[in-house]
Amino acid sequence: MPKKVTKAIFPVAGMGTRFLPATKSVPKEIMTLVDRPLVQYAIDEARAAGIKEFIFVTSRGKGALEDYFDHAPQLEQELRKKGKDELLATLKSTNMDSGDIAYIRQHRALGLGHAVWCARRLIHNEPFAVILPDDVIAAEKPCLQQMVEAYEETGGNMVAAMEVPDEQTSSYGMLDIAEDMGSKVKIKGMVEKPPAGQSPSNLAVIGRYILSANVFGHLNRIKSGAGGEIQLTDAIAREISDGEGVYGYRFRGQRFDCGSKSGFLQATVAFGLSRPDLRDDLEGYLTQLMASRKAAE
Ligand code: G1P
């Protein structure tokens, strides 16, 4: 059985330019789906998968993200005084114990591979997870937990995978399939954002990874790749021939690309509709809205 995965890296150094002007002062990862910041969804998913150490790779202007994880004793006291037990429990569930969370600064925006590499000294020689908070996955069993269970059988390296249409293959890391075993797929190649029409398959990498510490060695050596950036995909691809092998994992769940405005809005609606306290109101509004748009056509 492979070693337990207890550490996760959260690359959150991106500038979030697609969400300007909001991201002038608010880190993208603090933007909320209904009432929880994107990063909280990522943390909850990691916890469910057994992660105990949370490593954030940040950059200038991400102070609000660090503050978010501070305890709020005054606020807790107020809520307790007012008997708002439910809110108090919600607030407390976001608390992180001191020492469980670390922040590493990525000093230059050299790409996702470089961001992950910045955390190398905190990982040592253990397998670790990477979660991209932009990819929000709604699932009965959280995606990373599904992957940890699959990884216990395969070991090596594992990336979350999802089929995408032809016109989107140039936006993702794409997988070249050696053996398709259903939910698990053995990989013989990986290419970051291939030009249109040149992808080896329609199976794309989504932002959840379980990686061997060997990947840091590859990151030490690789040169910049697609878009002039140090690509995590390129380092993982080296594990296919020089390491412990790579598997894709077709997770069960719905993924929202919250790095795009449209994906963010879709996630907002979907998460709103999944909340018992909001569902009826929101559904009523959407039904009415669609009907009046149809009538106006
Ligand atoms: C990153 C990865 C890419 C992956 C994608 C998933 O790209 O480099 O391989 O498919 O996340 O969201 P980005 O979207 O950050 O450009």
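In the nomenclature of an unreviewed UniProt entry, the protein chain corresponds to UTP--glucose-1-phosphate uridylyltransferase from the organism Pelagimonas varians. Here the protein chain is described in UniProt, under the heading Sequence similarities (unreviewed entry), as follows: "Belongs to the UDPGP type 2 family." Word for word, the UniProt comment on the protein chain under Catalytic activity (unreviewed entry) is "alpha-D-glucose 1-phosphate + UTP + H(+) = UDP-alpha-D-glucose + diphosphate".

### Quick look at the nonpolar core
Residues Phe10, Phe54, Phe56 and Leu144 are the most contacted members of the largest nonpolar core, which totals 37 residues. Residue assignment for this core shows that the elements contributing at least two residues are strand E1 (7-11), helix H1 (38-48), strand E4 (53-58), strand E6 (128-131), helix H7 (143-154), strand E8 (157-163), strand E11 (203-211) and strand E12 (246-250). With six residues, the top contributor of residues to this core is H7. The contact partners of Phe10, leaving out residues within four places of it in the chain, are Ala42, Ile43, Ala46, Phe54, Ile55, Phe56, Val57 and Ile131.

### Overview of the site of the ligand
For the ligand, the set of nearby residues contains 13 residues, the closest of which are Asp135, Gly173, Glu192, Lys193 and Val205. Val205 places a polar main-chain atom, nitrogen or oxygen, 2.6 Å from an oxygen atom of the ligand. Side-chain polar atom of Thr233 to an oxygen atom of the ligand: 3.3 Å apart, as the coordinates give it. In isolation the ligand exposes 380 Å². Once the protein is present, 75% of that is buried. It is E11 that contributes the most residues to the shell around the ligand, three residues altogether. For the shell around the ligand, the class distribution of residues is five nonpolar, four polar and four charged.

Scoring rules and cut-offs
- Residue positions are given per chain, counting from 1 as you read along its sequence in written order.
- Local features in a predicted model are, by the rule used here, given only for residues with pLDDT of at least 70; side-chain atom pairs are given and counted only at 80 or more, and totals for whole chains, interfaces and linings are based on all residues.
- No hydrogens and no water enter the side-chain calculation; it runs on all heavy atoms of the structure.
- UniProt positions are given in the numbering used here, feature names are shortened, and annotations may be inferred rather than shown by experiment.
- By convention a nonpolar core is built from buried Ala, Val, Leu, Ile, Met, Phe, Trp, Tyr and Cys residues, the set being connected through side-chain atoms within 4.5 Å.
- Residue exposure (1.4 Å probe, protein chains only): buried if accessible area is under 20% of the type maximum, exposed if over 50%, otherwise partly exposed.
- Elements are defined by DSSP. Helices are runs of H or I of four residues or more, strands are runs of E of two residues or more, and each kind is numbered from the N terminus.
- The contact criterion used is simple: two residues touch if any of their non-hydrogen atoms lie within 4.5 Å.
- The nearness test applies per residue and asks whether one of its heavy atoms lies within 4 Å of the molecule or strand.
- Within 3.5 Å is the distance limit for a polar contact, defined as a pair of N or O atoms, with the added protein rule that one can donate a hydrogen and the other accept it, and that residues adjacent in sequence qualify only through two side-chain atoms.
- Residue burial considers only the protein chains on display, and all accessible areas are found by Shrake-Rupley using a 1.4 Å probe.
- We call Asp, Glu, Lys and Arg charged. Ala, Val, Leu, Ile, Met, Phe, Trp, Tyr, Cys and Pro are nonpolar, and the rest, Gly among them, are polar.

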